[in-house]
Amino acid sequence: MSGRLAVTAAGIAFQNPVLLAAGTAAYGRELADVMPLEALGGFVTKAVSLEVRPGAPAPRVADFPGGMINAVGLANPGVEGVLRDDLPWIAAHVRRPQVLVNVVGREAGDFGRVVERLDHAAGFVGYELNVSCPNVKQGGMEFGADPAALAEVVCGARAATRKPLFVKLSPTLPRIGEVARQAVDAGADGITVVNTIPGLVVDVERRRPVLGFGSGGVSGPGLLAVGMLAVHRVRQAVPVPIIGAGGVQRADDVLQYLIAGASAVAIGTAGLADPKLPARVVRGLERWCDAHGVTRLADLIGTLEWPS
C-alpha cells in the first residue's frame with residue numbers, strides 16, 4: 001500500500017481514509033475471517049455502554065428498495081465485557097487499521113464514565129461519542145439536539161481522556177453546523193456525520209412494521225447526498241477533522257466526501273452487504289490516483305468549489 005492514500009485526522013494517522021462505520025464492524029473479531037481488516041484505514045467499534053444492553057426485539061434489520069432499515073437498540077456486552085473480551089483481541093490482532101470506540105449512554109454522565117473505564121486499555125486510539133441516541137433522563141430527546149446535554153456529554157468525556165474525541169451527529173439536526181461548533185467548543189477534536197435517518201417500513205401483508213421495534217434508522221445509497229451536505233455544512237462551521245459517513249459504495253463516493261471536506265470516510269451498509277467491498281474501494285482509490293497523477297490523496301480534502 002502506497003503512502004499516497006494516507007490521511008491524518010485529530011492526530012491519528014490512517015493508512016488510507018476508508019473506515020468501517022460503528023455497528024458494522026462489531027469489535028473486529030467478528031469480521032476477521034471475512035474481510036481483510038489490515039487493508040483498511042480503520043474501523044469504529046460497535047457501541048459500548050456502561051451496562052449490558054440486550055437491544056431491540058427481532059427482527060432488527062430489513063432491506064427495502066431504498067436501502068436498509070435497522071433498530072438494533074445499541075445491543076452490546078457493556079463496558080466490562082468489552083474490556084474483558086474485545087479490546088484485548090483488538091490489541092493482539094489489529095495492526096495497521098486505527099480503531100475508534102463508539103460510546104453511548106442513557107444519560108449525559110454515562111459517556112464520561114464509559115470513557116474513564118476504557119481509557120487505560122490498549123487496542124484503540126480514540127472515541128466516537130454517539131450523541132444521536134436518546135437522553136432517557138430528559139424524556140428521550142437526542143443529546144445532540146440539546147445544547148446543555150451535548151456540552152455535558154463532551155465535557156465529561158473530555159475530562160476522562162486525552163485521546164481524540166469525535167462526536168457523531170444526526171442528519172436530522174436543523175442547524176448541524178451550529179451543533180458541531182457547540183461540540184467543538186465543549187472539547188471535541190472531530191465530528192462524524194451522519195448517522196441514520198429515522199424511518200418506517202411496513203409489511204403490507206401483516207399491516208405491521210417490518211422491524212420488531214417499529215421504526216428504525218434508514219441507511220444505504222440514498223444517504224450519500226445527505227451525508228455530503230452535512231460534511232459541507234460542518235466544514236463551513238468548524239476547522240476540525242470530519243469523518244464522513246452515509247451511502248458509500250464506491251471509490252468515487254469516498255472522493256466526493258474528501259472534496260466536500262471530510263478527512264476520512266466510513267462505510268456502513270454496503271460493507272454489511274458485501275464484506276469484500278471496503279477493500280475494493282481502497283484499491284479503487286489507488287487506481288484513481290494512478291489515472292489522475294495524484295501523489296497525495298489528502299490534498300483533495302476540502303477542495304470543493306461552491307457555485308458563486
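Since this is a predicted model, take the numbers as computed values, not measurements. (Residues numbered from 1 in each chain as written. Predicted model: local features only at pLDDT ≥ 70, side-chain atom pairs only at ≥ 80, totals over all residues. Heavy atoms only, no water.)

## Details of the overall build of the protein chain
Moving on, step 1. Within the protein chain, the regular secondary structure consists of 8 helices and 18 strands.
Moving on, step 2. Radius of gyration (C-alpha) of the protein chain: 18 Å, near the 19 Å computed for a compact globule of 308 residues.
Moving on, step 3. If one aligns the C-alpha atoms of the protein chain with their principal axes, the spans along those axes are about 50 × 50 × 45 Å.
Moving on, step 4. Counting only residues that meet the buried cut, the protein chain has 56% of its 308 residues in that class.
Moving on, step 5. Partitioning the intrachain contacts of the protein chain with sequence separation of at least 6 by distance along the chain shows that 68% fall at a separation of at least 24.
Moving on, step 6. Counting only carbon and sulfur atoms, one obtains 55% of the accessible surface of the protein chain, whose full area is about 13,100 Å².
Moving on, step 7. Across the protein chain, 29 positive and 28 negative side-chain charges occur, with their mean positions spaced 1 Å apart. (Helix = DSSP H or I, 4+ residues; strand = E, 2+ residues; numbered from the N terminus. Rg over C-alpha atoms; globule rule 2.2 N^0.38 Å. Buried < 20%, exposed > 50% of the residue type's maximum accessible area, 1.4 Å probe, protein only. Contact = heavy atoms within 4.5 Å. Areas by Shrake-Rupley, 256 points an atom, 1.4 Å probe, with all protein chains shown as cover. Lys, Arg positive; Asp, Glu negative; His and termini not counted. Charge placed at Lys NZ, Arg CZ, Asp CG, Glu CD.)

## Let's talk about the side chain of D110
Moving on, step 1. One can find D110 in helix α2 (residues 108-118).
Moving on, step 2. A polar side-chain atom of D110 sits 2.9 Å from a polar atom in the side chain of R113. (Polar contact = N/O pair within 3.5 Å; in protein donor to acceptor, adjacent residues only side chain to side chain.)

## Topic: the pairing of strand β6 (residues 67-70)
Moving on, step 1. In this sheet, β6 lies alongside strand β5 (residues 61-64) in antiparallel orientation, the contact comprising 4 bridges. Paired with F64 across the strands is G67, a residue of β6.
Moving on, step 2. Pairing of β6 with strand β16 (residues 216-219) involves 3 bridges; the strand directions are antiparallel. Bridged to N70 within β16 is G217. (Pairing = 2+ DSSP bridges.)

## Regarding the sheet that holds β5
Moving on, step 1. The strand order β5-β6-β16-β13 describes an open sheet built from 4 strands, whose pairing is antiparallel. The open sheet has two edge strands with one neighbour each: β5 and β13 (197-199). Between one strand and the next, the sheet's axes are offset by a mean angle of 35 degrees, whatever the strand orientation. (Axes fitted to C-alpha atoms, helices over the stretch in contact; angles between N-to-C directions.)

## Looking at the sheet that holds strand β12 (residues 190-193)
Moving on, step 1. Pairing is parallel around the closed barrel formed by 8 strands, whose spatial order is β3-β4-β7-β8-β11-β12-β17-β18. Recorded for the sheet is a direction-independent mean angle of 25 degrees between the axes of neighbouring strands.
Moving on, step 2. As judged from the 4 bridges shared by strand β7 (residues 98-103) and strand β8 (residues 126-130), these two strands associate in the parallel manner. Residue pairing for β8: V101 is matched across the bridge by Y127.

## Looking at the environment of K163
Moving on, step 1. You can see K163 is positioned in the loop between α3 (147-160) and β11 (165-169).
Moving on, step 2. Considering only alpha carbons, one finds K163 and I12, 151 residues apart in sequence, at a separation of 9.7 Å.
Moving on, step 3. The residues contacting K163, other than those within four sequence positions of it, are D119, A121, F124, V125, G126, Y127, R158 and D189.

## Remarks on the pattern of salt bridges
Moving on, step 1. Across all of its chains, the model carries 18 salt bridges by this definition.
Moving on, step 2. Across the pair D189 and R158 runs a salt bridge whose closest N-O atoms are separated by 2.7 Å. Taken together, the residues D189 in the loop between α4 (176-186) and β12 and R158 in helix α3 connect sequence positions 31 residues apart.
Moving on, step 3. Take D189: its relative accessible area is 27%, and that puts it in the partly exposed class.
Moving on, step 4. In the salt-bridge network here, residues are joined through shared partners; they are R4, E286 and D290. (Salt bridge = Lys/Arg side-chain N within 4 Å of Asp/Glu carboxyl O.)

## Structural notes on the packing of aromatic side chains
Moving on, step 1. Summed over the entire model, instances satisfying the criterion amount to 2 aromatic pairs.
Moving on, step 2. Aromatic side chains F111 and F143 sit 5.1 Å apart centroid to centroid with 85 degrees between the ring planes, which places their arrangement in the edge-to-face category. Taken together, the positions of F111 in helix α2 and F143 in the loop between β10 (141-142) and α3 put the pair 32 residues apart, joining distant regions of the chain.
Moving on, step 3. Given a relative accessible area of 0%, F111 falls into the buried group.
Moving on, step 4. Where F124 meets Y127, the ring centres are 5.2 Å apart and the plane angle is 70 degrees; that geometry is what we call edge-to-face.
Moving on, step 5. Residue classification places F124 among the buried residues on the basis of a relative accessible area of 7%.
Moving on, step 6. The class of Y127 is buried, set by a relative accessible area of 0%.
Moving on, step 7. Taking the ring centre of F124 as reference, the NZ or CZ of K163 above it sits at 5.0 Å. (Phe/Tyr/Trp six-rings, centres within 6.5 Å; stacked < 30°, edge-to-face > 60°. Lys NZ or Arg CZ within 6 Å of the ring centre and 35° of its normal.)

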